[in-house]
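As a plain string of letters, each chain reads:
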Amino acid sequence: MAKKELEAPKYHELMWPTLKAIRSLGGSATNQEILDKVIELEGYSEEIQQVPQQGDHRSQLDYRCAWARTYLKRAGVITNSGRGIWVVLDRGDTLTEEDIENLHKLVKKDVSKKKHDKKISEGLKSKEDALDETLEDEESNEWKETLLNKLQSMNPYDFEKLCQLILRESGFSKVNVTKKSGDGGIDGVGTLKINLLSFHVSFQCKRYKGSVSCGDIRNFRGAIVGRETKGLFITTGNFTAEARKEASRDGAIAIDLINGEDLCELLKKLKMGVRTELVESVTIDDAWFDS
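Residues numbered from 1 in each chain as written. Predicted model: local features only at pLDDT ≥ 70, side-chain atom pairs only at ≥ 80, totals over all residues. Heavy atoms only, no water.

A. How the structure looks around the packing of helix 1 (residues 15-24) against helix 2 (residues 31-42). It is at 9 Å that the axes of helix 1 and helix 2 come closest, and there the two elements cross at 110°. What the angle tells us is that helix 1 and helix 2 run roughly perpendicular. Contact with helix 1, carried on its side by Pro17, Thr18, Lys20, Ala21, Ile22 and Ser24, involves Ile34, Lys37, Val38, Leu41 and Glu42 of helix 2 and no other residues of that element. Residue classes in the contact of helix 1 with helix 2 are distributed as six nonpolar, two polar and three charged. (Axes fitted to C-alpha atoms, helices over the stretch in contact; angles between N-to-C directions. Helix = DSSP H or I, 4+ residues; strand = E, 2+ residues; numbered from the N terminus. Parallel < 35°, antiparallel > 145°, perpendicular 65-115°, else oblique. Contact = heavy atoms within 4.5 Å. Nonpolar A, V, L, I, M, F, W, Y, C, P; charged D, E, K, R; others polar.)

B. Broad picture of the sheet that holds strand 8 (residues 230-235). As summarised here, the arrangement of the five strands in space is 4-5-6-8-10, forming an open sheet in which the pairing is mixed. A strand with exactly one partner marks an edge of an open sheet, and here the two such strands are strand 4 (172-177) and strand 10 (255-258). If you compare each strand with its neighbour and ignore which way they point, the axes differ by 20° on average. In this structure, strand 5 (residues 188-194) lies alongside strand 6 (residues 197-206), joined through seven bridges in antiparallel fashion. In the strand pairing of strand 6, Lys193 is matched with Ser198. Sheet strands in contact with helix 9 (residues 214-224) are strand 6, strand 8 and strand 10, and its direction is about 140° off that of strand 8. (Pairing = 2+ DSSP bridges.)

C. Layout of the packing of aromatic side chains. Counted by the stated rule, this structure contains five aromatic pairs. Look at Tyr63 and Trp67: their rings are 6.3 Å apart centre to centre, the planes differ by 75°, and that puts the pair in the edge-to-face class. With Tyr63 and Trp67 both in helix 4 (residues 60-74) and four residues apart, this pair spans about one turn of that helix. Each of the two residues, Tyr63 as well as Trp67, counts as buried. Aromatic side chains Phe233 and Phe239 sit 5.8 Å apart centroid to centroid with 85° between the ring planes, which places their arrangement in the edge-to-face category. Phe239 shares its class with Phe233; the two are buried. An aromatic cluster of three or more residues is present, and its members are Phe220, Phe233 and Phe239. (Phe/Tyr/Trp six-rings, centres within 6.5 Å; stacked < 30°, edge-to-face > 60°. Buried < 20%, exposed > 50% of the residue type's maximum accessible area, 1.4 Å probe, protein only.)

D. Fine view of unusual backbone geometry. Unlike most non-glycine residues, Asn195 shows phi in positive territory, near 55°. Positionally, Asn195 belongs in the loop between strand 5 and strand 6. Residue Asn195 is classed as exposed on the basis of its relative accessible area, which comes to 69%. Even without being glycine, Lys271 reaches a positive phi, approximately 55°. Looking at the element boundaries, Lys271 is found in the loop between helix 11 (260-270) and helix 12 (286-290).

E. Focus on a nonpolar patch on the surface. On the surface, Ile284, Trp288 and Phe289 cluster together into a nonpolar patch covering about 430 Å² of accessible area. By secondary structure assignment, the location of Phe289 is in helix 12. Taking relative accessible area as the criterion, Phe289 reaches 59% and is therefore assigned exposed. (Patch = residues over 30% accessible without salt bridge, like charges linked within 9 Å, V, L, I, M, F, W, Y side chains within 5 Å. Areas by Shrake-Rupley, 256 points an atom, 1.4 Å probe, with all protein chains shown as cover. Salt bridge = Lys/Arg side-chain N within 4 Å of Asp/Glu carboxyl O.)

Now the structure itself:
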């Protein structure tokens, strides 16, 4: 019998855990806080967290949690008052798991009705995508997907050199790539000076499509113990909840994390290979002419 592939829970199965997570976080939370709390409450393994979502830079679990938030919003249970910040509405304070299941059916029926006469494009990859073409909590991420695909197609050494340049542009000095193959070890070192203090930093960069595990963080820390005061782990993928906890573990060398989305925003901010274009909009002021 063929081994069954790991798969994250469906988005509708994550709606109740998502609401519970936001409630337990005080009624408001960021996307990452919600995902971490859902993982904690439901006990999802690192293996589940590392399953990639086809055609998206996030993990399957992260992607489906985003759909769960979208449906909860359309049901009037939560809202995103700011970019990436979710708040439980009064209606969501007293709902039960059974209530959420019923609400999902109603919202799904309403969405299906609105799209009954709309032809589904060939590019849609799943039933989830067929019901809604955009997630409620995000701006367009097409440029990020394109950029991450380009970064992931680079050879390892060129990617390390790019990370070296990013650190230099971000204020680091004495940034050096240590070797051409840094798997499981240190890819480079640099110094960051903040006011009167200097921090010696080792960095590792991985072109991942999945999620970096807790073990990867431990191995990296083991390589820098006794050498540097801080570590920096850069990836085109993501980090599991366990990896993020390990990176900030008390009593151990702190390791800062930059995931794929952070990396895209950083390249955009530094204007490295990413241009932001403002489109001019011209309108005629009829009132001006009339007066």
